[in-house]
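An overview of the molecular structure
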Amino acid sequence: MSEEAKSETGSDFIREIVSRDMETDKHSGTVRTRFPPEPNGYLHIGHAKSICLNFGIAAEANGECHLRYDDTNPSTEDVEYVDSIRNDVRWLGWDWGENEFYASDYFEQMYLYAVKLIKKGKAYVCTLSPEEFKEYRGIPTKPGKESPWRNRPIDENLDLFERMKKGEFQDGEYVLRAKIDMASPNIHMRDPAIYRIKHASHHRTLDKWCIYPMYDFAHCIEDSIERITHSICTLEFEVHRPLYDWILNELEVECHPQQIEFARLNLTYTVMSKRKLLELVKNQYVVGWDDPRLPTISGLRRRGYTPEAIREFCRRVGVTKFNSYTEIELLEYCVREDLNKHALRVMGVLDPLKIVIENYPDGKTEMLDAVNNPEDPSAGIRKVPFSRELYVDSDDFMENPPKKFFRLTPGNEVRLRYAYFIKCHKIIKDMKTGKVIELRCTYDPDTLGGQAPDGRKVKGTIHWVSAKHCLDVEARMYDRLLTQERLDEVDENKDFKDYLNPKSMQVIRCKVEPSLAETKAGAHYQFERKGYFFVDPVDSKPGTPVFNQTVSLKDAWAKIQKKGS
RNA sequence: UGCCGGAUGGUGUAAUGGUAGCACAACAGACUCUGAAUCUGUUUGUCCUGGUUCAAGUCCAGGUCCGGCAACCA
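Source: prediction; values computed, not measured.

Attention shifts here to the packing of aromatic side chains. Aromatic ring pairs are defined here through the distance separating the ring centres and the angle between the ring planes. Evaluated as defined, the whole model comprises 23 aromatic pairs. Between Phe107 and Trp209 the ring centres are 6.1 Å apart and the planes differ by 80°, which places this aromatic pair in the edge-to-face class. Residue Phe107 is located in helix H5 (residues 107-119), and its partner Trp209 is located in the loop between strand S6 (193-197) and strand S7 (211-213); the two are separated by 102 residues in the primary sequence. Comparing Phe107 with Trp209, the two get one shared label, buried. One aromatic cluster is present, built from ring pairs that chain together Phe107, Tyr111, Phe161, Tyr195, Trp209, Tyr212 and Phe217. Positioned above the aromatic ring of Trp91 is the side chain of Arg301, whose terminal nitrogen or guanidinium carbon lies 5.1 Å from the ring centre. The ring of Phe406 is capped by Lys459, whose NZ or CZ atom sits 5.0 Å from the centre of that ring.

Around RNA strand B there are 69 residues in total, and Glu16, Arg316, Arg407, Arg415 and Gly449 lie nearest to it. Looking at RNA strand B alone, sugar and phosphate atoms form 67% of those within 4 Å of the protein. One of the side-chain nitrogen or oxygen atoms of His188 is found 2.7 Å away from a sugar or linking oxygen of RNA strand B. One nitrogen or oxygen atom from the main chain of Ala556 is found 3.2 Å from a sugar or linking oxygen belonging to RNA strand B. When residues of the surface near RNA strand B are traced back to their parent elements, those giving at least two are helix H6 (130-137), S6, helix H12 (307-317), helix H13 (328-342) and helix H14 (556-564). At 5 residues, the largest contribution of residues to the surface near RNA strand B is made by H14.

Turning to the side chain of His47, a few remarks are in order. In this structure, His47 sits in helix H3 (residues 45-60). Setting aside chain neighbours within four positions, we find His47 in contact with Phe35, Tyr42 and Lys274.

All right, on to unusual backbone geometry then. The backbone of Asp25 shows a phi angle near 60°, a positive value even though the residue is not glycine. Within the element layout of this structure, Asp25 appears in the loop between helix H2 (13-23) and strand S1 (32-35). Judged by relative accessible area, which is 47%, Asp25 ranks as partly exposed. Unusually for a residue other than glycine, Tyr269 sits at a positive phi of about 60°.

Summing up the model confidence of chain A, the mean pLDDT is 96 and the portion of residues at 70 or higher is 98%. This stretch, residues 1-7, has a pLDDT under 50; its non-local contacts, to residues over four places away or in other chains, come to 7 contacts. Reported confidence for the predicted complex is 0.97 by ipTM and 0.97 by pTM.

It is worth spelling out the environment of Glu399 at this point. Tracing the chain through its elements places Glu399 in the loop between strand S15 (389-393) and strand S16 (413-416). Taking the relative accessible area as the measure of exposure, Glu399 reaches 32% and is therefore partly exposed. The contacts of Glu399, once residues within four sequence positions are left out, are Pro410, Ile427 and Lys429. At a separation of 2.9 Å, a polar atom in the side chain of Glu399 contacts the side chain of Lys429.

Many structure descriptions define interface size as the accessible area lost when the parts assemble. Entries for chain A in the domain assignment read domain 1 (3-102 + 219-328), domain 2 (108-216), domain 3 (348-463) and domain 4 (473-564). A straight line from the C-alpha centre of domain 2 to that of domain 4 covers 50 Å.

A few words now on the sheet that holds S7. Read across the sheet, 4 strands follow the order S4-S5-S6-S7 without closing on themselves; strand pairing throughout is antiparallel. Of all strands in the sheet, those with a lone pairing partner are strand S4 (123-126) and S7, marking the two edges. Strand-to-strand twist across the sheet, computed as the mean angle between neighbouring axes with direction ignored, equals 20°. Taken together, the 4 bridges between S4 and strand S5 (residues 175-178) define a ladder with antiparallel strand orientation. Bridge pairing links Val125 to Leu176 in S5. The sheet strands contacting H5 are S4, S5, S6 and S7, and the helix crosses S6 at an angle near 120°. Packed onto the sheet, helix H7 (residues 154-166) meets S4, S5, S6 and S7 and runs at close to 60° relative to S4.

Moving on, we come to the side chain of Glu279. By the secondary structure assignment, Glu279 is in helix H10 (residues 274-282). Within the structure, the side chain of Glu279 is placed 2.5 Å from the side chain of Lys497, a separation counted as a polar contact. In this view, Glu279 contacts Tyr285, Phe496 and Lys497; residues no more than four positions away in its chain are not counted.

What counts and how
- Sequence order as written defines residue numbering, which begins from 1 separately in each chain.
- The order in which chains are written sets their letters, starting at A; the order in which ligands are written sets their numbers, starting at 1.
- The predicted origin of the model limits local features to residues at a pLDDT of at least 70 and limits the giving and counting of side-chain atom pairs to 80 or more, whereas totals for whole chains, interfaces and linings rest on all residues.
- In computing side-chain properties, one takes all heavy atoms of the structure into account and sets aside hydrogens as well as water.
- Classification of ring pairs rests on two measures: the distance between centres of Phe, Tyr or Trp rings, Trp counted by its six-membered ring, which must be within 6.5 Å, and the angle between planes, read as stacked under 30 degrees, edge-to-face over 60 and tilted in between.
- To qualify as a helix, a DSSP run of H or I must reach at least 4 residues; to qualify as a strand, a run of E must reach at least 2; elements of each kind are numbered from the N terminus.
- Here the term buried applies to any residue with accessible area under 20% of the maximum for its type, exposed to any over 50%, and partly exposed to those in between, with areas from a 1.4 Å probe on protein chains only.
- Each ring is checked for a lysine NZ or an arginine CZ that lies within 6 Å of its centre and within 35 degrees of its normal; such an atom marks a charge sitting over the ring.
- Definition of nearness: a residue and a molecule or strand are near each other if at least one heavy atom of the residue lies within 4 Å of the molecule or strand.
- N or O atoms closer than or at 3.5 Å make up a polar contact, with two conditions inside protein: a donor-capable atom paired with an acceptor-capable one, and, for residues adjacent in sequence, both atoms drawn from side chains.
- Residues are treated as being in contact if the distance between any of their heavy atoms lies within 4.5 Å.
- Confidence scores per residue from the predictor, reported as pLDDT, run from 0 to 100.
- All domain edges in this entry derive from an automatic or database-based domain assignment.
- Two strands form a pair only when DSSP identifies at least two bridges running between them.
- Working convention: axes come from line fits to C-alpha atoms, limited for helices to the stretch in contact. Angles between N-to-C directions cover 0 to 180 degrees.

See the structure below:
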């Protein structure tokens, strides 16, 4: 790895192993990794960490990273997942060229390897029922006992395995086991099952097979066939490593990849397990796998996260063997950082309060210049219509303001962004509720453009839209999925769904400037002083965009208020 | 009671026997036609007890605590 790449990416214990192997020419200088998802769910931000690790390491070393579907269990897998995974990895910005593979591509070879193991006397067909199997295995602190079928003659094993393959038996009737050591302190070495009977149609091989290899048997073979150099996986596979190595040694393969384990990503205030995500989707707690509240890649995409932000996040969380929780604030920081540079600014009023500028001529409209992105002068300027009746955000007015409130209050002058200084002199309230429903204001015509010729200053600048010209649109305001920071610290008697945030999505109607009528699905905006919004690609229609709030802007005033209360 | 890992501020991570650093968060302040961004500053840390060493977050010994492992899932 070059020094430059190091400083960009940082290093970690896995990259150090890879670098050392490069220096010692361990794999004749090549690096080949793989991202091996099982197509039984959608990818989430935790997968993104693994993707960035595997593809990143390969890219830095001028090697390659394979996209390989680990599709050895047809009963949970589906092409919908295959397609979504491919799409998500590509969207994140990675390229695997021709190297898209499937474990199922190797079923024939795996079968032959299993036969080889049987012939070596290292595998046998076991007739124990699943219950007996479990009983014989023992518990971590006590050794298991050997199956009565353990010493079945090789010929009989061969015959039985052949008949398993031919479909002569029911699911669960027989299983092929590796013959290792029932007394091993490592449970995975106690004659693990390596092939089971499953009369299920596979999304690729259809009904060709009714026996399928187990993960431990399949995965190392897949890696070996693809000549993977570094097989990177998560910590829970650490105890599987002896089995990974045992199988490849017994198979006497040429290529024996090195398995390296790292800690999976945990994020506060969300769920990160496929099982829980599936439950939320299937039982319609959310609208789908791409619900913007979910930490799935497709959900984040629909929320308005960018690939750049997600990759930067993955870079910042680092890679270790320490089981940790990353604060969701870091993810939010990363997307703000990216969107601040690239999102066009517009004005949008989320909770409209009508104001009338009494000394502004009725029927007059001025087109005022507004900057599209102060971080990027090349983004240019646009025209925003100004007229006598406007909307401002309710938050920006207080009848009886506390000390540090410097927005609109009775008698206090504020600036309307890109427009004029105004002053409020009359409040109109709903007779029944007492709620403020309209403000009567006056403007200073000499302050056009936001500066007073006499040099007087105003402390506050607020955003607005012209009532006559604005668009009335839907916006979805998203908040964290869970009310609980860490799911591993909750009451064990409770279900994680008890901690679903009832306010994780609030749909509102808001008023936005008319330029947004021309927007297209998938565009990012900053509603000034409010947050970043994304034009929903699913529900937006030409002329009537729907906005998803990606993340709010940081809000110093909210903090001051919080402290005061 | 078995095996495999792990432990550095609130959070994440660096330091590979030689000044405990960075980022997020928090808190101050500066600036500001976004209470944003930007800039400046501040607070907070090596699990414990011994040992080796001129020098230990790092090496050694013993402990403590935490995570993972007992699908014919991956």
